[in-house]
Amino acid sequence: MSLPNPAELIGAMAVDLKAHLARRSIAEPRYIGIHSGGVWVAQALLQAMYSEAALGTLDVSFYRDDFSQNGLHPQVRPSALPFEIEGQ
């Protein structure tokens, strides 16, 4: 079994995302990456789409279902949403 190539997947995701946004007439999407694995994916997508849109980051540590068992992860990061999300 071979794992997929992330660079190829990001390119395909960027093409599909652009098409989806066009079909839905979404002119100003909001991009948010989830710490820790999703931020690099969101950054790579924006780069592949040649987009200079702002990127928000979200830490979901407090919302995990294993929080009560494992406690707070030592590297909890603040969320940063540099755009309005109300009504989005």
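Here the structure is shown first, and the text comes after it.
Residues numbered from 1 in each chain as written. Predicted model: local features only at pLDDT ≥ 70, side-chain atom pairs only at ≥ 80, totals over all residues. Heavy atoms only, no water.

Describing the packing of helix α1 (residues 6-23) against helix α2 (residues 37-48)
Put simply, the rule reads: Helix axes are fitted only over the stretch in contact, all axes being lines through C-alpha atoms; the angle between N-to-C directions runs from 0 to 180 degrees. Numbering of helices and strands starts at the N terminus; helices are DSSP runs of H or I of at least 4 residues and strands are runs of E of at least 2. Any angle between 65 and 115 degrees counts as roughly perpendicular, while under 35 counts as roughly parallel, over 145 as roughly antiparallel, and the rest as oblique. It is the rotation of the near helix from the far one that decides the hand of a crossing: anticlockwise by less than a right angle makes it left-handed, clockwise makes it right-handed. Contacts: residue pairs with any heavy atoms within 4.5 Å of one another.
In the contact formed by α1 and α2, the axes pass within 9 Å of each other and the chain directions differ by 60°. If you check the angle between α1 and α2, you find them oblique. Crossing geometry of α1 relative to α2 is assigned as right-handed. Contacts between α1 and α2 pair Pro 6, Ile 10, Met 13 and Ala 14 from the former with Trp 40, Val 41, Ala 44, Leu 45 and Ala 48 from the latter.

Considerations on the environment of Ile 85
Rules: Here the term buried applies to any residue with accessible area under 20% of the maximum for its type, exposed to any over 50%, and partly exposed to those in between, with areas from a 1.4 Å probe on protein chains only.
Tracing the chain through its elements places Ile 85 in the segment after α3 (67-70). Overall, Ile 85 belongs to the partly exposed group, its relative accessible area being 45%. Put simply, Ile 85 and Arg 30 are 55 residues apart on the chain and 8.0 Å apart in space, counted from C-alpha to C-alpha.

Looking at the environment of Arg 77
Note on placement: Arg 77 falls in the segment after α3. Linking Arg 77 and Ser 36, residues 41 residues apart in sequence, is a C-alpha distance of 9.0 Å. Each residue touching Arg 77, except ones within four places of it in the same chain, is listed here: His 35, Ser 36 and Asp 59.

Just geometry here; none of it tells us what the structure is for.
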